[in-house]
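Each chain is listed here by its residues.
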Amino acid sequence: MRRVWKIIVVIPFFFWMTGCWDRVEIEERGFVVGVAIDKPLSAKGKEELTKEAPNKPQAKNRYAVTYQIVVPANVTKEGVGGGGSGGSGKGKASMNITSEADSIFEIGREMSTRTSRTPYFEHLKVIVVSEEVAKTGELPTVLDFFLRNPEMRRGTVMLISKGRAKDVLEVEPPNEKLPAIYLQSVSRNTFKAARMEPIVRIGKLQGFMLSKQSYVISAVSPSEKEVKIAGEAIFHSVDNKMLGYLNEEETEGQNFLRGKVKGGLLKIPVKDNLVTYEIKREAKNIKAQIQGKDNIHFTIQIKSEGNIAESMVHLDFLQPNRIPNLERLVEKEILRMTQDSINKIQKDYKADVIGLGEYLENHHHDFWLKVKDNWDQGENYFSKCKIDVEADVRIRNVGIIDHAANQKE
Amino acid sequence: MKNFQYGDEHIGYKEIFFGVSAMVIGQGILTLPRILTEKTESIDGWMCIALGGLLAIVSAWAIAKVSSYYPNQPFTDYVKVLVTKPIGIFLIVFFFIYSVGFVGFEVRALAEGTKLYLFDRTPVEVIALSFFLVIIYAVSGTRVALLRLNLMFTPIVLGVTFLILLMNLGFVERENFQPLFVSSWKSILNGTKDTAFSFLGGEILYFYVALMRNPKQAPKAALLGMIMPVLLYIIIFLSVVGLFGPEVTREIMYPTVEMAKEVEVPGAFLERFESLFNTVWIMTVFNTASMGYDLCLILITSLIRKGKRKTWIILLSPFIYLLGLIPKNMNQVAKALDYVGFMGIFISFILPFILLLVVALRKGKNYA
Amino acid sequence: MFSFFKWKKEKNKPLTKQEDEFAITIFASVEDNIKNIKNMFDSPSDLVIRRLSLGSRGHECAFIYIDGLVNENLVNGLIKNTQFKMNQTNTIPTDPREILVHLEQEVLSVQEIKKVSTLDDISLSILSGDTALFVEGTQTVLIIGSKGWEGRSVEEPITEALVRGPREGFVENIRTNTALIRRHVRDPNLRFETCKVGRRSKKDATIVYIKGVSNHEIVEEVKRRIATIDMDDVPESGFVEQWIEDNFLSPFPQVQSTERPDKATAALVQGRVIILLDGTPFVLIVPVALINLLQSPEDYYERWMIGTLLRILRYTAAFVGLFLPSIYIALVSFQPGMIPSKLAFSIAGTREGVPFPAVIEALMMEMTLELLREAGIRLPKPIGQTIGIVGGLVIGQAAVSAGIVSPIMVIVVSITAIANFALPTYSFGISIRILRFFMMLASSIFGLYGVILAYIVINIHVANLKSFGVPYTTPFSPLFLSDWKDLLVRAPLTMMNKRPEMFKTDDPIRQGKGDQS
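What you are looking at is a predicted structure, and each value in this text was computed from that prediction instead of being measured.

**Focus: the interface of chain B and chain C**
A common way to state how big an interface is: give the accessible area lost once the parts meet.
Next up, step 1: Each partner contributes to the interface: chain B provides 32 residues, whereas chain C provides 31 residues.
Next up, step 2: Where the side of chain B that touches chain C is concerned, the elements lending two or more residues are helix 5 (85–118), helix 6 (124–140), helix 7 (143–168) and helix 12 (274–303) of chain B.
Next up, step 3: Residue composition of the side of chain B that touches chain C, grouped by class: 16 nonpolar, eleven polar and five charged.

**Concerning unusual backbone geometry**
Residue and element names in this part refer to chain C.
Next up, step 1: Put simply, Val286 and Pro287 share a cis peptide bond, and its omega is -15°.
Next up, step 2: Structurally, Pro287 is set in the loop between strand 10 (283–286) and helix 9 (298–301).
Next up, step 3: Cis geometry is found at the peptide bond from Thr474 to Pro475, where omega equals -5°.
Next up, step 4: Within the secondary structure, Pro475 sits in the segment after strand 12 (470–471).

**Digging into the sheet that holds strand 5 (residues 141–144) of chain C**
All names here are of chain C.
Next up, step 1: Read from one edge to the other, the open sheet built from five strands follows the order 1-2-4-5-3, with strand pairing classed as antiparallel. The sheet is open, and its two borders are formed by strand 1 (47–54) and strand 3 (113–116), each paired with just one other strand. For this sheet, the mean angle separating the axes of adjacent strands, direction not counted, is 25°.
Next up, step 2: As paired elements, strand 2 (residues 59–66) and strand 4 (residues 131–135) share four bridges and run antiparallel to each other.

**A closer look at the environment of C:Lys202**
Residue and element names in this part refer to chain C.
Next up, step 1: Looking at the secondary structure, you find Lys202 in the loop between strand 6 (190–197) and strand 7 (203–210).
Next up, step 2: For Lys202 and Met231, which are 29 residues apart along the polypeptide, the C-alpha to C-alpha distance reads 9.8 Å.
Next up, step 3: Filtering out sequence-adjacent residues up to four positions away, Lys202 remains in contact with Leu124 and Lys196.

**Things to note about helix 8 (residues 261–270) of chain C**
Residue and element names in this part refer to chain C.
Next up, step 1: Buried within helix 8 we find Pro261, Lys263, Ala264, Thr265, Ala267 and Leu268.
Next up, step 2: Looking at the packing, one finds that the buried side of helix 8 touches helix 5 (174–184), strand 7, strand 8 (256–258), strand 9 (273–277) and strand 10.
Next up, step 3: One or two steps after helix 8, the chain reaches Gly271, where phi turns positive at roughly 100°.

**A look at the confidence of the model for chain A**
Residue and element names in this part refer to chain A.
Next up, step 1: Mean pLDDT over chain A works out to 82, with 89% of the residues at or above the 70 mark.
Next up, step 2: Within chain A, the lowest mean pLDDT, 64, falls on helix 3 (residues 72–81), and the highest, 91, falls on strand 5 (residues 126–130).
Next up, step 3: Low pLDDT (under 50) marks residues 79–89, which in the prediction has two contacts with non-local residues, meaning those over four places away or in another chain.

**A look at the packing of helix 10 (residues 304–333) of chain C against helix 14 (residues 407–421) of chain C**
All names here are of chain C.
Next up, step 1: Interaxial distance between helix 10 and helix 14 falls to 8 Å at its minimum, and their mutual angle equals 160°. Viewed along their axes, helix 10 and helix 14 adopt a mutual orientation that is roughly antiparallel. The interaxial crossing formed by helix 10 with helix 14 has left-handed handedness. Along the contact surface, helix 10 presents Ala317, Val320, Gly321, Leu324, Pro325 and Tyr328, while helix 14 presents Val412, Val413, Ile415, Thr416, Ala419 and Asn420.

**Digging into the interface of chain B and chain A**
Next up, step 1: Residue-level contacts link 23 residues of chain B with 20 residues of chain A.
Next up, step 2: Within the residue set of the side of chain B that touches chain A, elements represented by two or more residues are helix 5, helix 6, helix 10 (218–251) and helix 11 (255–262) of chain B.
Next up, step 3: Considering every element that reaches the side of chain B that touches chain A, the biggest residue donor is helix 10 of chain B, with five residues.
Next up, step 4: Of the residues belonging to the side of chain B that touches chain A, the class tally is ten nonpolar, four polar and nine charged.

**Section: the packing of helix 5 of chain B against helix 13 (residues 309–325) of chain B**
Residue and element names in this part refer to chain B.
Next up, step 1: Interaxial distance between helix 5 and helix 13 falls to 8 Å at its minimum, and their mutual angle equals 60°. Judged by the inter-axis angle, helix 5 sits oblique to helix 13. When you trace helix 5 past helix 13, the crossing you get is right-handed. Between helix 5 and helix 13, the contacting residues are Val100, Gly101, Val103, Gly104, Phe105, Val107 and Arg108 on the first element and Ile320, Leu323, Gly324 and Leu325 on the second.
Next up, step 2: A breakdown of the residues in the contact of helix 5 with helix 13 according to their chemical character gives seven nonpolar, three polar and one charged.

What counts and what doesn't
Residues numbered from 1 in each chain as written. Chains lettered and ligands numbered in written order. Predicted model: local features only at pLDDT ≥ 70, side-chain atom pairs only at ≥ 80, totals over all residues. Contact = placed C-beta atoms within 7 Å. Helix = DSSP H or I, 4+ residues; strand = E, 2+ residues; numbered from the N terminus. Nonpolar A, V, L, I, M, F, W, Y, C, P; charged D, E, K, R; others polar. Pairing = 2+ DSSP bridges. Axes fitted to C-alpha atoms, helices over the stretch in contact; angles between N-to-C directions. Buried ≥ 20, exposed ≤ 12 C-beta atoms within 10 Å, placed from the backbone. pLDDT = per-residue confidence, 0-100. Parallel < 35°, antiparallel > 145°, perpendicular 65-115°, else oblique. Left-handed = near helix turned anticlockwise from the far one by under 90°.

Take a look at the structure:
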């Protein structure tokens, strides 16, 4: 009896001697912070593989995947050195490694043989997919690995690149050390500028794909030192194929229609110049009148609150009618902008990215069940419905001076 | 020093209350949102939880009521009086098989989940073994201490869970809460059946009411103790579905863990909350499994009166551990837990009413 | 679980063996008695025998005491007084027994006097500093209380310094200590029950409690346990503590010790029992719950908000002291995904080039720190500080620049050490230190999972632990909600009307409501 107890007590010590299966010191991990997915530049890889092992199973498509890995030593070093004398060009805080294969997981494994570090995805910040890949409708296949692996987080930001995705990760931002983190924070900020769709997290994207909704993802275009996130790529619900882009104007309009504007500005023409309205708050409300599948009438009411941020004309804002008048002008501007977006979305792309289907599902469930399969596909009732926009703007304050600085009236 | 006690080996109202809550909150919470969204439309799964919860609450009350008729007698004693000895012994054996399976598979399920999220190469066997050793250590102590552990862990569990829910509030999307009431009654009943598995745990009342100083309080304590997990489950379900939407919830293995992973407070020191959630999760399963093991021991020592508690721990432990290792993968573990769950449904949801009926009949006879 | 550690006590084997031959009776003749006592003590140099002839008839008597243990002024005065008074009066009775009564009632002007008639009592009294007066012709001996050896005066306790609070501390003399307690609690129900402990040392141990407040069962249990003490020497109250504690396999202290009379009396009125031992300033308080070890008298002396803040700070300190290094190990070596991204990268950066895994690094640093602490205690105070500077600053800096440890590890270990010093109870600090190593081992095997399992194991242990029948984890579990007023939050004094329920006091009400509410 006692012996048995002794054995039980001793077992933990065996753990300690044999254990530590999973111990990988933090400096031995290759933190992947960004992933870029492209189509391979040439078909050479596939041909070689077929030659090498003709019977080896192969996927339909091959990808060139770039992993951005942190070089931790250089993340901290620069802060100490300041004017580092010894070749600061070499001390980049991250490195990009590109590999080509048909399985994304395989690329990750292959990477560990090339970098001495095993890839570790818990700190993955952005996934950039090139428009080339996006247009083929392979998004779900590509992203499966990033959703399935328990190391992944659902908060990873998704971006679509105009041009090759790898170039996006190659930017050298002057103020941030890691391009991926730079991308993440840029996408967070531009969202506030109303020019961009709220950040699409990969988890949310899975939701779109599973619920068969059309969706938009922010588009990014790379340049040497910085990236520009503006406009968005629009995807169709059925095949997840990218249809095209909405430009910045249309994006802003679409954001208004979804009630997701968190900031930004509107320029209103007054007299021969501009007054700038700063958006502080925005909300939308949808109403629908259903008179048949082909005859649905939506009214989207947009409410906004904001300030006058800038005035290039000499106006007396204290005049009693001034602010209501300005409010009407802002409303007009909102209507103009949203109408442009609606035209593009409804008539050109015919993909419901303003959440009307969702509204029907939530509020007119029985009707939705009837039109569900032909909403923005097949018959495409979406493109046939009538959408009206109403705007209600309140200007809360005009700043701390009254007239503009130029005195001439 | 010899242990000195002053009437402290009895438990009160609060211990029963927390005991039931801790026993019920367990593995089920992790997968329940997925199972329910699979069965029902939109967010209607909460009705299943409410229905299943109602059943659980009533039957917990019934168990406590039956047990409180026999103060200071555990199930193993009074069941023989109540339904004749042979049937009683059959029930005890049945109960024993149930609790052995329950502990074994519960430990395995925890090990599988832990491996998925926290480990990569560590074998499941080792994860399960280390957890099981902790349970063995717990059941080697006194039974009252076991119940007191609930009081220590359950507040942590609730606190952390609510913290996570609170942090997620900003991510919850209003659209996901609509439409309401669109599932058919059939699918809701179907889902209710599944929630029943998650509300197993009232069976501890068969035994622990006997330890109570004042068994009259038992039914009320059981009732309230059951209400807590029901509410918790509804809240968790609503926020998981509110966060992910029904379509995604359906696809995620452990939606509740993913919810904890979703929390990212940018810039905050504790950017990631799932570590806290893992803690909580292991604690709840520990409570559940250790009380389950304690039931095994009570049952077996009542069947075979030879041998001390510790002897039985040594004899049973390898068996339970190996039993837990039989399933080959996560799906089989889930299936095994379902089979055990069916036995549990009989014990916790059907048997109490039968016993209550018998008690009523006997009482009637006595008075007549 | 640890039953194989139990030893079997050898029963009833006498420990004290008397070597010399002497009679155990008291003789009527003073001369015989002197001879007998001399034999018993083997005529040591500090044994003083002062013979006197009293009165006109020259009645023989002798004072016997031990030099150095008695108050010399008192004894000298006594002898002088006796001679003077006896010679002055002519009405000295002839019967020795009456002489004794006469001496006791009229001559000897001292505080404490008693009659004894066994040799054991006499020797014990002499050895504890009393003076024995033998009178010719009687077998009864007068014992005159004359204890008065050199001792420390009442000073401020060093181990439990406070910003606000009384500056007096217990001393080695048990009589002074009982007086200190009496001065705080002037309740006629305050009970002192003294017994001798130690076969050879025969020290006074006094159990102090307030009758009608303390749970009588606990008091009985304390008495029972004290009575079981069977050692030859009890040099310090730590011996008593270790003999009467519930579980000697536990790292947690199950008896609280203090040097502060205010703390001791606060415990008394809470319904707890105090054990004083002669020869040590540390008194024991039983029973104890885990939370008592995290409380300091200052929590109550300062206003309640300050008290609450300090208390929360201390809980944090205990948490940090227990968990920080193990969590660091777990996160760095197993789950770096749970560290915020930027922090993770910079930790990885600073660890670049460190040759050891985080566990070894942490163990190394912890060992160094423990050594420093130990060395600092041994050394005289001025040098102790030097060690702190050399060890803490120089070695730390050098180790970092040599690349043996990472700077973050140094921070982690230092914070842990500081947190540990913030704990008000020294012995509890040590338990936390021990358990910290346990946690570190667990986390080095399983990472975060190991930390959680270790935490559960500690909880299981604590839930099974009891101190004199009081569960160690009260008032968390068993739950006493009314005691939570004095747990995380130290409620305003006017609200704490009840004594701690967890000690199951005989008198539950502590105070009136006041008129503030």
